Amino acid sequence: MDQAVWLTFLVGVLAATLRVATPLVWASIGEVYTERAGILNLGIEGTMFLGAFVGFAVAARASDAGFGGYLWLGLLAAMAAGVLMALLMGLLSVTLGVNQHVSGLGVTLLGIALSLFGFRLVFGESSVLPSVEPFGQFSIFGDLPIVGQVFKQYLLTYIAFLILVPVAWWVLYRSSFGLNVRAVGENPEAADAAGVDVYRTRYAALAIGGALMAVGGAFLSLAQLGAFSPGIIAGRGWVCIALVIFARWDPVRATLGALLFGAVFALQLRLQTLGFDLPFEAFLALPYLVTILALAIAGRNAPYPGAYLKPYRRE
Amino acid sequence: MSFSIASPAVEMRHITKRFGPVIANDSVDFTLERQEIHALLGENGAGKTTLMRILYGLYHADDGEIRIKGEPVTIHSPKDAIARGIGMVTQHFALAAPLSVTENVILGYTEGFRLGLPDARLRVAEAAQRFGILVDPEALVKDLSVGQRQRVEILKALYRNADVLILDEPTAVLTPQEVEQLFEGLRRLQAQGLSVVFISHKLHEVMDITDRVTVLRGGRVVGVVPTAHTTQSELARMMVGRPTYGVSKPDAARREDVLLRLENVCAEDNQGLPALKNVSLNVHAGEILGLAGVSGNGQRELAQVLEGVRSCTGGRVIANGHDITNAGPDKVMAAGVGRIPEDRHESVVAEMTVAQNMALEHLDEFVRNGMLDKRRIREHAEALIEAYQIKARPDDIIRTLSGGNMQKVILARVLERNPAVLVVAQPTRGLDVGATEYVRQKLLEQRQRGAAILLISEDLDEILELSDRIAVIYEGEIMGVVSPDVDIEHLGLLMSGVHQT
């Protein structure tokens, strides 16, 4: 291939990397907060699902009603739905002290089922897939060659990388709330004895996490696709669970993990078109395989939060 | 009110606390004067910790009232207690290990959303200096020794302007030197105006550091005495409710033959880090070899290696003439090793009966026609229950037994086989005085019989009382082997890793 083709290929891969990584960044940072508080929220897949659906349904209806800010309204509604799912997870795992694996999987099943059922209710069985005009892409580098093309991205992508990640890092490590979250996830007895309200802190971390996961889901329906389909999340929530362990519960490392997944994903899309004699499912599986591999290598001896999976009860 | 100046730091009146049918505190009165170091003395289960957890807001009393500096208060949570100037250092330190000292100290005591870590570090360092507590504010708690962690806990309380400090068994995890440092620090803080509640069951420490003593037994106050006007034996009598005799150690029974030999044993802990480094020990027949050391210096791993539940990465273990290096528990037992593990709840099956647990290690001996012989299991249990004075029936679920009776079941199971070698870890931890004496007496009987006993204990008094020789372990290395009439200072130095010169 000559140079121009290579360049186009590279630009395409880089731009797609950022795009694919965006929902993973939102959701895995949400999961980082939840797990740092000591709760493994396996409801992430269902929360992303519900976020994608609620965001899309609200946006579609608002758009039909002629409301100009329909996408933002959809995003807000998705966040609210994410918070509700997180509160349900909190009720089960924090207040009632139910096994977190079971309650998380229950929340995921509920989220997916609610979305599919809701989609039927709202949109019926039309032969045309309903859609909205999604968020547009823009580049902060304007029409510059190469960088302008790589950074032609959605606003939610910019927010994820430029605002969410640094703010999430700062709040976790430099704010009193973040200290409470880390303490509550590490040693809730200590936090309690120091006067921190363990339950409130865990609920707050869950709620923030739920909202971020839902944004991750809504990014797919409101920005990338402008539509909702049953295959929309496709296991991205589970990828985030792995990314968070890979990242050792650090927002910045989780972002790097998301970029790695995004890069492999973008690469395999293009590899499919190069005409290797392999079934396309093999390529599709590639990013997931890389995730498993990365987890197996970097996740060994991962320093799990001390109170991971443990409900807190005063003796 | 002018007279409130002189009112006591803390007054607790008629405090009653029930846990289900158990009365942990029965109308307890407790008064802590200002600038006083006051011991709460009692056996395990006497209600000392419960009373202080009520004061600190971790439990709520069913009845009674609390006054702080003369003012009636209701304490709902530790936050309320902290606001009233009360700090508590619990037995299991309330610290988050991956966080820094500063983060642990300011946790729950921050203003506004921003932590402002650089400022906080300065304030913590300043407070540490003011109270004479040596600790690096930037160190991570997980890198600190147990003694240093305790200092962080005390600093945490003082940083919150506590003028009442509750210490729950603070010396249990310290070397003698660290105990002395702690006491010096407490006296200095007392001079600065601090009042201290010192929860303990160690009489000599109570005599050493406190001004007054409140003795609890079975959830009730037995007496309140000024320390200067009492003696250890009087306190012991109040605490136990009868005179204590201790155990008498017969003359040495040691023979020349070595029944347990460890040669350069190495092993790793659960994190894969070296926990035992070339440990070599010989235990003779008729000898108790005590293994002294601060908690977490490889004692647990050593016990597990000898019990057959942890592999060695190097070295050899010879017991009773058999090489049991990396042998499983069955081979270890077959070689004649009896095992009293550290956690008795892990050495029994909690939901099974006393009789079943007694037969468990040698089920093959209770088989008839390929089926378990229930009658023999039961008769076996009845015989042991009688011989070892266990307060239980064969069909009782073992979980429902007291610690002392559970330990007797394990003891009976092991000792009935007259093991040539005994590996005993923390045999009296959490037991009351009566059960403790019983267990120690039994160990001494085994020594007279000619067993080689390795006694692993974090209770230094126990080691000194029972051992014929004492090996000291520090960070997985044997620092030296000394006689039990060793100078306690010297022993303390070995326990803190200073080599024998």
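The coordinates are above.
Residues numbered from 1 in each chain as written. Chains lettered and ligands numbered in written order. Predicted model: local features only at pLDDT ≥ 70, side-chain atom pairs only at ≥ 80, totals over all residues. Heavy atoms only, no water.

(A) Spotlight on the packing of helix α2 (residues 44-64) of chain A against helix α4 (residues 100-123) of chain A. Residue and element names in this part refer to chain A. Interhelical geometry of α2 versus α4 gives an angle of 20° and a closest axis separation of 6 Å. By the angle class used here, α2 and α4 are roughly parallel. Judged by the twist between their axes, the crossing of α2 over α4 is left-handed. Contacts between α2 and α4 involve Ile44, Glu45, Gly46, Thr47, Phe49, Leu50, Phe53, Phe56, Ala57, Ala60 and Arg61 from the first element and Val107, Thr108, Gly111, Ile112, Leu114, Ser115, Leu116, Gly118, Phe119, Val122 and Phe123 from the second. Counted by class, the contact of α2 with α4 contains 14 nonpolar, 6 polar and 2 charged residues. (Axes fitted to C-alpha atoms, helices over the stretch in contact; angles between N-to-C directions. Helix = DSSP H or I, 4+ residues; strand = E, 2+ residues; numbered from the N terminus. Parallel < 35°, antiparallel > 145°, perpendicular 65-115°, else oblique. Left-handed = near helix turned anticlockwise from the far one by under 90°. Contact = heavy atoms within 4.5 Å. Nonpolar A, V, L, I, M, F, W, Y, C, P; charged D, E, K, R; others polar.)

(B) A look at the packing of aromatic side chains. Applying the stated criterion across every chain, the model contains 22 aromatic pairs over all chains. Ring geometry for Phe119 of chain A versus Phe123 of chain A: centroids 5.0 Å apart, planes at 45°, classification tilted. In this pair, Phe119 of chain A and Phe123 of chain A are both assigned in helix α4, 4 residues apart and thus about one turn of the helix distant. Residue Phe119 of chain A is classed as buried on the basis of its relative accessible area, which comes to 15%. Judged by its relative accessible area of 15%, Phe123 of chain A falls in the buried class. Aromatic rings pair up to connect Phe49, Phe53, Phe56, Phe119, Phe123 and Phe228 of chain A into one cluster. The ring of Tyr59 of chain B carries the charged tip of Arg53 of chain B above its face, separated from the ring centre by 5.0 Å. Between the NZ or CZ atom of Lys408 of chain B and the centre of the ring of Tyr438 of chain B, over which it lies, the distance is 4.4 Å. (Phe/Tyr/Trp six-rings, centres within 6.5 Å; stacked < 30°, edge-to-face > 60°. Buried < 20%, exposed > 50% of the residue type's maximum accessible area, 1.4 Å probe, protein only. Lys NZ or Arg CZ within 6 Å of the ring centre and 35° of its normal.)

(C) Focus on the interface of chain A and chain B. Contact residues are listed per partner, giving 22 residues for chain A and 29 residues for chain B. Summed over both sides, the interface of chain A with chain B buries roughly 2,000 Å², with 64% coming from carbon and sulfur. Among the residues of chain A in contact with chain B, Leu179, Ala194 and Arg314 of chain A are the three that bury the most area, contributing 25% of the side total. Inspection of the region where chain A meets chain B yields 1 salt bridge. Mapped onto the side of chain A that touches chain B, the elements with two or more residues apiece are α6 (155-174), α7 (176-186) and α8 (188-193) of chain A. Here the element with the most residues in the side of chain A that touches chain B is α7 of chain A; it accounts for 7 residues. (Buried area = accessible area lost by both parts, 1.4 Å probe. Salt bridge = Lys/Arg side-chain N within 4 Å of Asp/Glu carboxyl O.)

The values are spatial; any link to function lies outside them.
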